[in-house]
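# Notes for the structure review
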Number of protein chains: 2
Amino acid sequence: MPPASAIALRPCSAQAHPNIALIKYWGNRDEALRLPANGSISMNLAGLETRTSVTWDEKRVARGDAFNLNGSPVTGPGLERVSAFLDLVRKMAGFDFRADVVSVNNFPAGAGIASSASAFAALALAAAKAAGLDLAEADLSRLARRGSGSACRSVPGGFVEWAAGASDADSFAVSIAPPEGWPLVDIIAIVSEAHKSTGSTEGHALAATSPLQGARVADAPRRLDLCRDAILKRDFAALAEVTELDSALMHAVMMTSTPPLFYWHAPTLTVMQEIRLARAQGLAACCTVDAGPNVHVICEADAAEAAARLIADMPGVREVRRAQVGGPAHIESD
Amino acid sequence: MPPASAIALRPCSAQAHPNIALIKYWGNRDEALRLPANGSISMNLAGLETRTSVTWDEKRVARGDAFNLNGSPVTGPGLERVSAFLDLVRKMAGFDFRADVVSVNNFPAGAGIASSASAFAALALAAAKAAGLDLAEADLSRLARRGSGSACRSVPGGFVEWAAGASDADSFAVSIAPPEGWPLVDIIAIVSEAHKSTGSTEGHALAATSPLQGARVADAPRRLDLCRDAILKRDFAALAEVTELDSALMHAVMMTSTPPLFYWHAPTLTVMQEIRLARAQGLAACCTVDAGPNVHVICEADAAEAAARLIADMPGVREVRRAQVGGPAHIESD
């Protein structure tokens, strides 16, 4: 690694999409390294993105990082989490400079899409590149994982699988099909814009208190096989069955944790039931729900219009958003 | 056993209450014998009852049983299930006479209370007594179990535990506290009067298809201990925690079966959430949900009025019923 003085430090800006998990990540084997209890599969969400620029300041040293999110300076725990992540990059780069981080999401907080995945994927790429590091995709995915587990899945493009791995070295995500491999659509039914009462990081730590987490994790390799096969074969019926099962399994663990976590609201259940009925009548649509009340309705492209109309009319649905399958995290200005 | 001709056969009428399980029965080790996957604990529901009279007719032989329910003759599968149950009594009595069975529930079908438990407890008692059999409570409970698993819990009084047992011989229910042991109240929030799409007998057979059933069953002895201790110590906080956990565990198995069984409706979730919030603010009330959408809100006596008012105002609640802790199955006219 070259000494810091030999590196040409210049601002760098990167973009990354959030992703929606079809096989969920819930619970860590190692909280500090964010090594997951089980592997997961997701698709990136096109159109939705975080844009993050990083400028390393050679004149000043760390612990004075600045973080601006959506136009407002962030302090306290939000800044500390970013700064702790930047420490990893500083260690890799062999310097101790402070960073200016400016980040913008083009989707609102509380829009049913977790922003931590796209945020840490874009930050990992921008911070590493600005530090003169040229990381392979796998290493960038590993780095992003340290900021937020699911961020590792926003580094590669399209349909992505995160192998649980045995250690930090082999726990990263890879693309299993490009965005154009299967033109699915995620129709997001926003039923609440309230911030969730229990954040994901805190929730992951509760997973092991459920009597069901062991069984969910033990069965995960089977579900990963079913989901990967369904994606590779474009078999929507198979994808729908395993996606809904996996979502129910994660919420089963959440609802039986100590304390229990109930993320579903009444309209969450209504959307899930109506989509199940519609699928029984031939609509290629299925549901998955993250650590919040909003429902992601995954559809085949030609079912998206009908699904969106159906959802918009349901009681308790405040807004409907759409996203196609997105590409990888990428540098914006290089 | 005396020959049939030596028995004085005369009509007999019995009453039994339905029960609400605090630790649930879901899934059988032996479907034919209805030997459960795990032990369960329930309380009988006073005021609600099935009254059943049985008359054995010495002049006619079996397979011509007659069954009248709530004033209407029953044929087809309903009669066949009763007749198959009466075969067990005929075998015990050593005769082959037909029976006239007349049964009345004082609570409507679709009122959020399964009638099969009180029905088979009352039928077991009336049919055995009318046949001249004088069964001990444990043997009566074993017999009722063969008609409907949870019926074995409607034979003893008050708070009742059904040990899973190792075989037909030791799988029966016993009282662990009398009705006056703890004056709890069950406030039943009726959110739908529709018949459930998947009956319990069919549902039990699906339990083993869930990846979670093994973990739910393995953890059951711990929950039985917690629930029994809470009842004996009248510790409502402990009862509430284990009751809500156990209900969530059963629904977790249901929702992750193949095919999945979603019994909750949107208002089911609303009632559960509001009662959890009210309990956090000091109301001694907790929720449990059987294989249907209605919510049983278990309360301490002095919380019942407030809980009933709270529930009656919730969206989607059509009717509210109440029951105190009930006594054992008993002969009406002897």
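Residues numbered from 1 in each chain as written. Chains lettered and ligands numbered in written order. Predicted model: local features only at pLDDT ≥ 70, side-chain atom pairs only at ≥ 80, totals over all residues. Heavy atoms only, no water.

### Remarks on unusual backbone geometry
For clarity, the threshold we go by: Helix numbering and strand numbering both begin at the N terminus, where a helix is a DSSP run of H or I of at least 4 residues and a strand a DSSP run of E of at least 2. Any residue under 20% of the maximum accessible area for its type is buried, any over 50% is exposed, and the rest in between are partly exposed; the area is computed with a 1.4 Å probe on protein chains only.
Between Thr258(A) and Pro259(A) the backbone carries a cis peptide bond, its omega angle lying at -5°. Assignment of secondary structure puts Pro259(A) in the loop between helix H7 (236-255) and helix H8 (266-280). For Asn70(A), which is not a glycine, the phi torsion comes out positive at approximately 50°. Position of Asn70(A) relative to the elements: it lies in the loop between strand S7 (66-69) and strand S8 (72-74). Judged by its relative accessible area of 43%, Asn70(A) is partly exposed. Positive phi, normally seen in glycine, also occurs at Arg234(B), with a value near 50°. Counting through the fold element by element, Arg234(B) comes out in the loop between helix H6 (220-233) and helix H7 (236-255).

### Quick word on the domain arrangement of chain A
Where the parts come together, the accessible area they lose is often given as the size of the interface. All names here are of chain A. The following threshold applies: Residue ranges for the domains originate in an automatic or database domain assignment. Here, residues are in contact when the closest pair of their heavy atoms is within 4.5 Å. What gets called buried area is simply the loss in accessible area from a 1.4 Å probe that two parts show on being joined, summed for both. For this document, the term salt bridge refers to a Lys or Arg side-chain nitrogen within 4 Å of an Asp or Glu carboxyl oxygen. Polar contact is defined as a pair of N or O atoms within 3.5 Å, subject to the rule that within protein one atom must be able to donate a hydrogen and the other to accept it, and that residues adjacent in sequence are counted only when both atoms are side-chain atoms.
We note that the domain assignment places domain 1 (4-180) and domain 2 (185-324) within chain A. Look at where the C-alpha atoms of domain 1 and domain 2 centre, and you get two points 24 Å apart. Opposite the 34 residues of domain 1 that make contact, domain 2 presents 44 residues. When the two sides are added together, the surface that domain 1 and domain 2 hide from each other amounts to roughly 3000 Å², 64% of it contributed by carbon and sulfur. Three residues stand out in domain 1 for area buried against domain 2, namely Leu22, Lys24 and Trp26, and they jointly supply 29% of the buried area on that side. Here Asp290 and Lys24 are joined by a salt bridge, their closest N and O atoms 2.6 Å apart. In this assembly, domain 1 and domain 2 are joined by 9 residue pairs in polar contact (both at pLDDT 80 or more). Looking at the side of domain 1 that touches domain 2, the elements with two or more residues in it are strand S2 (19-23), strand S5 (40-44), strand S10 (159-162) and strand S11 (173-177).

### Notes on the relation of the copies chain B and chain A
The test is simple: Superposing the copies works by least squares over the C-alpha atoms of residues that have pLDDT at least 70 in both of them.
Between the two copies, chain B and chain A, the superposition gives an RMSD of 0.0 Å; the rotation angle is 180° and the shift along the axis is 0.0 Å. Look at the turn and shift together and you get a two-fold axis relating the two. By C-alpha distance to the rotation axis, the residue of chain B lying nearest is Ala266(B), at 2.1 Å. Of all interface residues in chain B, 100% are interface residues in chain A too; the two copies therefore contact each other through one and the same surface.

### A look at the pairing of strand S9 (residues 97-105) of chain B
Regular strands place side chains that alternate from one sheet face to the opposite one. Residue and element names in this part refer to chain B. As a reminder, the rule being used: Two strands qualify as a pair provided DSSP detects at least 2 bridges between them.
The pairing of strand S6 (residues 50-61) with S9 spans 9 bridges and is classified as antiparallel. The partner of Val61 across the bridge, within S9, is Phe97. Pairing between strand S7 (residues 66-69) and S9: 4 bridges, direction parallel. Directly across from Ala66, in S9, lies its bridge partner Asp100.

### Some words on the interface of chain B and chain A
Taken together, the contact pairs 23 residues of chain B with 23 residues of chain A. Between chain B and chain A the total buried area reaches about 2000 Å² when both faces are included, carbon and sulfur atoms providing 77% of it. Applying the counting criterion to the chain B and chain A interface returns 2 residue pairs in polar contact (both at pLDDT 80 or more). Taken together, the elements giving at least two residues each to the side of chain B that touches chain A come down to helix H5 (213-218), H7 and helix H8 (266-280) of chain B.

### Let's talk about helix H3 (residues 137-147) of chain A
Count 3.6 residues to each turn of an α-helix, and residues three or four apart come out pointing the same way. Of all the positions in H3(A), only Leu140(A), Ser141(A), Leu143(A), Ala144(A), Arg145(A) and Gly147(A) are classed as buried. As for H3(A), its buried residues are in contact with strand S4 (35-36), helix H1 (77-93), helix H2 (116-130), S10 and S11 of chain A.

### Some points on the packing of aromatic side chains
Short version of the rule: Only centres within 6.5 Å qualify two rings of Phe, Tyr or Trp (six-membered ring in Trp) as a pair; their planes then separate them into stacked at under 30 degrees, edge-to-face at over 60, and tilted for everything else. Any Lys NZ or Arg CZ found within 6 Å of a ring centre and within 35 degrees of that ring's normal is scored as a charge over the ring.
For the structure on display, the rule yields 11 aromatic pairs over all chains. Their ring planes at 20° and their centres at 4.7 Å tell us that Phe95(B) and Phe97(B) sit as a pair that is stacked. Relative accessible area serves as the criterion here: at 7%, Phe95(B) is assigned to the buried category. Through pairs of rings, three or more aromatic residues link up here, namely Trp56(A), Phe95(A) and Phe97(A). Of note, Arg276(A) hangs over the ring of Phe262(B), and the distance from its end group to the ring centre comes to 3.8 Å.

### What to know about the confidence of the model for chain A
To be explicit about the condition: As a per-residue quantity, pLDDT reports the predictor's confidence and falls between 0 and 100.
Taken over all residues, the pLDDT of chain A has a mean of 93, while the share at 70 or more is 95%. Predicted complex, confidence summary: ipTM 0.92, pTM 0.94.

### Remarks on the side chain of Asn19(B)
Residue and element names in this part refer to chain B. Looking at the element boundaries, Asn19 is found in strand S2 (residues 19-23). Here Asn19 falls in the buried class, since its relative accessible area comes to 9%. Of the polar contacts made by the side chain of Asn19, one reaches the side chain of Arg153; its length is 2.9 Å. At 2.9 Å, the side chain of Asn19 and the side chain of Ser154 are in polar contact. If sequence neighbours within four positions are ignored, Asn19 has contacts with Ser42, Met43, Asn44, Leu45, Ala117, Ser150, Arg153 and Ser154.

### A closer look at the nonpolar core
For the record, the criterion: Think of a nonpolar core as a cluster: buried Ala, Val, Leu, Ile, Met, Phe, Trp, Tyr and Cys residues, connected wherever their side-chain atoms sit within 4.5 Å.
Among the nonpolar cores identified, the biggest contains 111 residues, and Trp264(A), Val297(A), Ile231(B), Trp264(B) and Val297(B) are the most heavily contacted of them. If sequence neighbours within four positions are ignored, Trp264(A) has contacts with His251(A), Met255(A), Leu269(A), Met272(A), Val289(A), Met255(B), Phe262(B), Trp264(B), Leu269(B) and Gln273(B).

### Observations regarding the sheet that holds strand S11 (residues 173-177) of chain B
Residues and elements named next belong to chain B. We count it as follows: To define axes, lines are fitted to C-alpha atoms, for helices over the stretch in contact only, and angles between the resulting N-to-C directions are given on a 0 to 180 degree scale.
Strand order in this open sheet of 4 strands is S2-S5-S10-S11, and the pairing throughout is antiparallel. Of all strands in the sheet, those with a lone pairing partner are S2 and S11, marking the two edges. On average, adjacent strands in this sheet sit at an angle of 35° to one another, irrespective of strand direction. In the sheet, strand S5 (residues 40-44) pairs with strand S10 (residues 159-162) via 4 bridges, with the strands oriented antiparallel. In the strand pairing of S10, Ser40 is matched with Trp162.

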